[in-house]
Amino acid sequence: MNAPAVIPAIVPAIVPPGGTIGIIGGGQLGRMTALAAAAMGYRCHIFCPEPDSPAFAVAAEHTIAEYTDREALGRFADAVDVVTFEFENIPHESVQILADHVVVRPSWECLHISQDRLIEKDFLNGIGIATTAYRRIEGPDMLRQAIAEIGPRAVLKTVRMGYDGKGQVMMKEGMEADDAWARMGGPLGILEAFVDYEREISVVIARGPDGKSVAFEPVENRHANHILDVTIAPANIPAEMAERAVTMATRTVEAMDLIGLLAVEMFVGRDGTLLVNELAPRPHNSGHWSMDACVTGQFEQFVRAVCGLPLGSPERHSDAVMKNLLGHDVDGWAEYLTHPNAKLHLYGKKEARPGRKMGHVNTLYPKGSGPRG
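These remarks concern the structure in this document.

About the criteria used
Residues numbered from 1 in each chain as written. Predicted model: local features only at pLDDT ≥ 70, side-chain atom pairs only at ≥ 80, totals over all residues. Heavy atoms only, no water. Helix = DSSP H or I, 4+ residues; strand = E, 2+ residues; numbered from the N terminus. Rg over C-alpha atoms; globule rule 2.2 N^0.38 Å. Buried < 20%, exposed > 50% of the residue type's maximum accessible area, 1.4 Å probe, protein only. Contact = heavy atoms within 4.5 Å. Areas by Shrake-Rupley, 256 points an atom, 1.4 Å probe, with all protein chains shown as cover. Lys, Arg positive; Asp, Glu negative; His and termini not counted. Charge placed at Lys NZ, Arg CZ, Asp CG, Glu CD. Axes fitted to C-alpha atoms, helices over the stretch in contact; angles between N-to-C directions. Parallel < 35°, antiparallel > 145°, perpendicular 65-115°, else oblique. Nonpolar A, V, L, I, M, F, W, Y, C, P; charged D, E, K, R; others polar. Left-handed = near helix turned anticlockwise from the far one by under 90°.

## Points about the overall build of the chain
Of regular secondary structure, the chain possesses eleven helices and 17 strands. A compact globule built from 373 residues would reach a C-alpha radius of gyration of about 21 Å, and the chain, at 20 Å, matches this within 12%. For the C-alpha atoms alone, the extent of the chain along its principal axes is close to 60 × 50 × 40 Å. Counting every position in the chain, which comprises 373 residues, the buried fraction comes to 56%. Residue pairs at least 24 apart in sequence account for 63% of intrachain contacts in the chain once pairs closer than 6 positions are excluded. In the structure as shown, the chain presents an accessible area of about 15,800 Å², 52% of it carried by carbon and sulfur atoms. Side chains of the chain carry 35 positive and 47 negative charges; the gap between the two charge centres is 3 Å.

What follows is the structure, given as structure tokens:
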């Protein structure tokens, strides 16, 4: 499948402080964006169907409606000065509707690329960015053929809507294609060749309407049960590799003509190669460390980019380790507060469930003295 043509964004006037930012999605990323926006003098209006969304508690306004509700989308567009989104699992058609009425950053085209794994990988390969080998899968027969072509060590994923390990099946020698297809649970899949990587890193990069971009340093990500557990900043990789990773992120954000924030997840091969795994056109869990360890954190940078303000310095003044608080990990909040160099961030979610992201802790270290991944 060919990637959709990316249409250059229309550059409107800057949205100055005092304006209203519309945020689609009411999770923790929307919450932390709204907090950063408020500190800069902006109001935020959250659009989300869940009535107990954590972002509602810190925003000036909110709309509870389905993402496909055209009338609600129209009212929302009329009430804000610019629109952005905090996650990808929303219909890009809804964002197209909004774009007819108000400036949307990033554009719906960027969303369309990033929310479909096939389109995303086609796009990346088309601009010369390497990924693992992959095949489009429409059923068990195609899965058997793809395994014969790229090998049995592979991961079967839904093309859309999967995250934190959902909709993914790790293929094993002798696994039946019919069983794997049923377990994946989607109408269309992608088979990705397994990558025997040394570590996973990510780069969060911001780009403004003027085309200028700045990137945070690459960081290392460690997962538990397919969910991000710890991020270590900076990543323990050679300077040459860090520069390559930033160059790849810069090429990607420019080719997408993205205005806002883009997270680029990469695998570091044991031979030193870099393969892009996924893109996320919004703030990212692996960028949370920057809230306390950089001159400008990712959420402030996101607000600056979306509103057309000059981008801030991403310079790291401290090393940092970000620890996700999943489920009942959050019950230990008092212990985290006893550590003088730890910064606790809780998301205001009412119910702690296994694997649910309830908050995170950033532990800071003098620059150059933090744990090395």
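Anyway, onward from the coordinates.
## Things to note about the packing of helix α1 (residues 28-39) against helix α10 (residues 298-307)
Relative to each other, α1 and α10 sit at 70°, their axes nearing to 8 Å. Compared by their axis directions, α1 and α10 come out roughly perpendicular. Of α10, the residues touching α1 (which contributes Leu-29, Met-32, Thr-33, Ala-36 and Ala-37) are Phe-299, Glu-300, Phe-302 and Val-303. Looking at the contact of α1 with α10, its residues break down into seven nonpolar, one polar and one charged.

## Some points on the packing of helix α2 (residues 70-79) against helix α3 (residues 92-99)
In contact at an axis separation of 9 Å, α2 and α3 are set at 45° when each is read in the N-to-C sense. The pairing of α2 with α3 is recorded here as oblique in orientation. Classified by chirality, the crossing of α3 by α2 is right-handed. Counted together, Arg-70, Leu-73, Phe-76 and Ala-77 of α2 and Ser-94, Ile-97 and Leu-98 of α3 form the full contact between these two elements. Of the residues that constitute the contact of α2 with α3, the class distribution is five nonpolar, one polar and one charged.

Fair warning: the whole summary comes from geometry, so function is off the table for now.
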